[in-house]
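Letter by letter, the chains look like this.
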Amino acid sequence: MIRLRPAGLLVATVLTVATLAAGCSAPAGEPGPTSLPGPVQSSARPSPSPSPSPSGGGTPSPSASQSVPSATPSAPPTQEPPPGEPDLSLVAGWSLEQKVGQVVMVGLPVKGPFQPTFDMLRDQKIGGVFLHGRTQAGRGPVKNLVDAAVAAADSPVPLFVATDQEGGAVQVLRGKGFSDMPSALDQATLSAPDLRARSEVWGQELAAAGVNLNLAPVLDLVPQQSATSNAPIGVFGRNYGYTEQSVITHGNAFAEGQRDSGVQTSIKHFPGLGRVTGNTDTTAGVTDTVTGPDDPSVSVFDAGIKDGTGLVMMSSAIYARIDPDAPAVFSPTVVSLVREHGFDGVIITDDLSAAVQVQGVPAGQRAVRAVDAGVDLVLASAKPSVAPAMVDALVRAARKDPAFAAKVDAAAARVVAAKSGL
């Protein structure tokens, strides 16, 4: 463990010492000491509102209770968009850079350094952060960090502030103000009403710290006989039991409790990581040779979609029986399956910044390939330094290709629509 110091903040801050550091596919290492920003104070800019659902902006941005405006006033839509289609009027009048910024979520390492992420929020107009790492510091320091990110941002709409708060080995936020959450496998021993009630409390704890999106629950269906060799999920007990019914019942109960508290959810990792052995974060060539488009592992996601999740996270494994030629996150065939299940919300990638599975593709092209496949939100959590290259590549591709620009418009509109209640 090492002691890290954050760089200077964009706004004047009082530093307070805390113990903080996340991943989407697998647990991170042990926490180490760090310094977190204290409450944001600046004579040039008012401190952010203490509301648990912050709005971002390098320039003044709307409060959580206001409707989401476009960056430039525009005429109201003359008609509702067709069912299932994004409402492009939400981003009418926006610059390309503003729209691309909504399509990227960047990691904010809770162990620091903080300033690089704050700079990206301002300079690349990025519209979301992912609290990455592990912390024992408790609610107060985490809320201070979130407030500093909100103050640094230059987004026309509220920030997504996300983390991984599954329970067990994957629980980013701990300490005073955060419950010690059991693993999903242990949560599956509770009744659905009890789990929903507990999850609502866990969600209230997130909301009080400024987190408005939990990249959970895991809905991967893991066969019991192979759980100990399933590196990303089964080894850590991240699965809600071993049957389709258990995963649906308990995964949905967890998601409902989170949403009851005002925290949005992302079910993951479509179309399922329960049958692979390698972890896409640490291994290349991870392939599922069993799962097809009508498999029970896909059916559990259908149930999660019908239950009302706002986001669906794509796996970066390859699915030989659906599209053997590309990781799911880069495959229009696999991504389109999500829409075929009636989902019109935000499709988000698993981490594309440091995952070994995708390191053979240049960072900028990872973002372009994902959006071209139909993904709406690109996650660069574990190695946030690659986010500017992703933003630049998306802007270049959109300027060069009108068809790709239309995909960026649609993705940004879906993300902004998902933020409408923040």
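Residues numbered from 1 in each chain as written. Predicted model: local features only at pLDDT ≥ 70, side-chain atom pairs only at ≥ 80, totals over all residues. Heavy atoms only, no water.

## Things to note about the sheet that holds strand 15 (residues 378-380)
Short version of the rule: Being paired, for any two strands, means DSSP has found at least two bridges between them. Only DSSP runs of H or I covering at least 4 residues are called helices, and only runs of E covering at least 2 are called strands; the numbering of each starts at the N terminus. In what follows, residue pairs with any heavy atoms lying within 4.5 Å of each other are defined as contacts. Lines fitted to C-alpha atoms define the axes here, with helix axes fitted over just the stretch in contact, and angles between the N-to-C directions of these axes take values from 0 to 180 degrees.
Pairing is parallel in the open sheet, where eight strands are placed in the order 14-11-9-8-5-4-3-15. Because the sheet does not close on itself, it has two edges, and the strands there are strand 14 (346-349) and strand 15. Summarising the sheet, strand 4 (residues 128-132) and strand 5 (residues 160-163) pair through three bridges and their orientation is parallel. Within strand 5, the residue paired with Phe-130 across the bridge is Ala-162. On the sheet, helix 7 (residues 296-307) packs against strand 9 (264-270) and strand 11 (311-314) and is oriented at approximately 165 degrees with respect to strand 9.

## Some points on the packing of helix 2 (residues 115-123) against helix 3 (residues 139-152)
Heads up, the rule is: Three classes are used, and their members are as follows: Ala, Val, Leu, Ile, Met, Phe, Trp, Tyr, Cys and Pro are nonpolar, Asp, Glu, Lys and Arg are charged, and the others, Gly among them, are polar.
Interhelical geometry of helix 2 versus helix 3 gives an angle of 35 degrees and a closest axis separation of 8 Å. Residues Phe-118, Leu-121 and Arg-122 of helix 2 lie in contact with helix 3, whose contacting residues are Leu-145, Ala-148, Ala-149 and Ala-152. Residue classes in the contact of helix 2 with helix 3 are distributed as six nonpolar, no polar and one charged.

## Considerations on the confidence of the model for the protein
Inclusion rule: pLDDT is a per-residue confidence score from the predictor, ranging from 0 to 100.
Taken as a whole, the protein shows an average pLDDT of 86; of its residues, 81% reach a score of 70 or greater. Within the model, the stretch residues 1-23 combines pLDDT values under 50 with 89 contacts to residues more than four positions away or in other chains. Confidence drops under pLDDT 50 across residues 41-78; counting only partners more than four residues distant or on other chains, this segment forms 78 contacts.

## A look at the pairing of strand 14
Quick reminder of the rule: Relative accessibility under 20% of the residue-type maximum defines a buried residue, over 50% an exposed one, and the middle range a partly exposed one, all with a 1.4 Å probe and only protein chains included.
Going residue by residue along strand 14, you find Val-346 and Ile-348 tucked away on one face and Ile-347 and Thr-349 tucked away on the opposite face as well. As paired elements, strand 11 and strand 14 share four bridges and run parallel to each other. Note that in strand 14 the partner of Met-313 across the bridge is Ile-348.

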